[in-house]
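Per-entry structural report
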Amino acid sequence: MDSQTQNASLQRLQTVEKRIVRVLELASGVMEEFSNPSGPRKELVNNHCSEFMQLIKDIQVTLREEIKSACEYRPFEKCDYIARISNEICCQKVEYVLEKLEGMSESIDEYHNAS
């Protein structure tokens, strides 16, 4: 993940954080309205609830996108460690097979010399 992508992601997460704070402010505003001795103002409660629901939807969408983006991030994708280790193991296997073939060749030569 390059620096620009990380910065953009952090900015989106900061925006989500601000939206969460706003959601809490709206919720507390509605609670205050309900505790008002003269009764809640319907229009204010409706406006707060509408804004609350829209912010919740926006937060969900942004977080879903950020989680998806984070899951697509593979820091070791360009790492050649596995390939290098596999090659090393293959080389060791070839060396082992060569040793065994040399041993077999020596045994064959001894057999022919003994005859």
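See the structure printed just above.
In this report, we go over the structure that sits alongside the text. (Residues numbered from 1 in each chain as written. Predicted model: local features only at pLDDT ≥ 70, side-chain atom pairs only at ≥ 80, totals over all residues. Heavy atoms only, no water.)

1. Regarding the overall build of the protein
To be explicit about the condition: Numbering of helices and strands runs from the N terminus, with a helix taken as a DSSP run of H or I at least four residues long and a strand as a DSSP run of E at least two residues long. Note that the radius of gyration is over C-alpha atoms, with the globule rule given as 2.2 Å times the number of residues to the power 0.38. Three exposure classes are used, based on accessible area relative to the maximum for each residue type with a 1.4 Å probe and protein chains only: buried under 20%, partly exposed in between, and exposed over 50%. Here, two residues are considered to be in contact whenever any of their heavy atoms come within 4.5 Å of each other.
Within the protein, the regular secondary structure consists of 3 helices and 0 strands. Tracing the protein from N to C terminus, the helices and strands come up as α-α-α. Scaling as 2.2 N^0.38, a compact globule of 115 residues should have a C-alpha radius of gyration of about 13 Å, whereas the protein reaches 34 Å, well beyond that. For the protein, with 115 residues in total, the buried portion stands at 11%. Considering only residue pairs separated by 6 or more positions, the protein has 68% of its internal contacts joining residues 24 or more positions apart.

2. Considerations on helix 2 (residues 42-72)
So the rule is basically this: Here the expected span of a helix is defined as 1.5 Å times the quantity of residues minus one.
The terminal C-alpha atoms of helix 2, which comprises 31 residues, lie 45 Å apart, in line with the 45 Å expected from a rise of 1.5 Å per residue. In this fold, the buried residues of helix 2 make contact with helix 1 (3-34).

3. Regarding the nonpolar core
Note the cut-off: Residues enter a nonpolar core if they are buried and are Ala, Val, Leu, Ile, Met, Phe, Trp, Tyr or Cys, with the set joined through side-chain atoms within 4.5 Å.
Within the largest apolar cluster, 5 residues are counted, these being Val16, Val23, Leu26, Leu55 and Ile59. Contributions of two or more residues to this core are made by helix 1 and helix 2.

4. A look at the environment of Glu65
With respect to the helices and strands, the residue Glu65 is situated in helix 2. For Glu65, a relative accessible area of 45% translates into the label partly exposed. C-alpha of Glu65 to C-alpha of Val45: the two residues are 20 residues apart in sequence and 30 Å apart in space.

5. Brief notes about a negative patch on the surface
Inclusion rule: For patch building, the residue pool is restricted to those with more than 30% relative accessible area and no salt bridge; the joining distance is 9 Å between like charges and 5 Å between nonpolar side chains (Val, Leu, Ile, Met, Phe, Trp, Tyr). Here the Shrake-Rupley method, with its probe set to 1.4 Å, supplies the accessible areas, and only the displayed protein chains count as covering residues. Should a side-chain nitrogen of Lys or Arg be within 4 Å of a carboxyl oxygen of Asp or Glu, the pair is scored as a salt bridge. Positive charges are assigned to Lys and Arg, negative charges to Asp and Glu, while His and the chain termini are left out of the count. In this description, the location of a charge corresponds to atom NZ of lysine, CZ of arginine, CG of aspartate or CD of glutamate.
The grouping of Glu95, Glu99, Glu102, Glu106, Asp109 and Glu110 at the surface amounts to a negative patch. In this fold, Glu110 is placed in helix 3 (residues 81-114).

6. A look at the pattern of salt bridges
Per the stated rule, a full pass over the model turns up 4 salt bridges. When the shortest N-O distance is used, the salt bridge between Glu66 and Arg12 registers 2.4 Å. Remark: Arg12 occurs in helix 1 and Glu66 occurs in helix 2; sequence separation between them is 54 residues. Its salt-bridge partner being Arg41, residue Glu33 comes within 2.5 Å of it at the nearest N-O pair. Glu33 sits in the buried class, given a relative accessible area of 6%. One salt-bridge network, held together by shared partners, links Arg22, Glu25 and Glu51.

7. A look at the packing of helix 1 against helix 2
In helix packing, the relevant descriptors are the interaxial angle and the interaxial distance, both defined with respect to the helix axes. Note the threshold: Fitting a line to C-alpha atoms yields each axis, with helices limited to the stretch in contact; the angle taken between N-to-C directions then spans 0 to 180 degrees. Any angle from 65 to 115 degrees is called roughly perpendicular, while one under 35 is roughly parallel, one over 145 is roughly antiparallel, and all others are oblique. When the near helix sits turned anticlockwise from the far one by under a right angle, the crossing is termed left-handed; a clockwise turn instead gives a right-handed crossing. Residues were grouped as follows: Ala, Val, Leu, Ile, Met, Phe, Trp, Tyr, Cys and Pro as nonpolar; Asp, Glu, Lys and Arg as charged; and all remaining residues, including Gly, as polar.
Following both chains from N to C, one finds helix 1 and helix 2 inclined at 155°, their axes separated by 9 Å at the closest point. Regarding the angle of helix 1 to helix 2, the classification is roughly antiparallel. When you trace helix 1 past helix 2, the crossing you get is left-handed. For the contact of helix 1 with helix 2, the residue count by class is 16 nonpolar, 4 polar and 7 charged.

Purely spatial values, then, with no claim about function.
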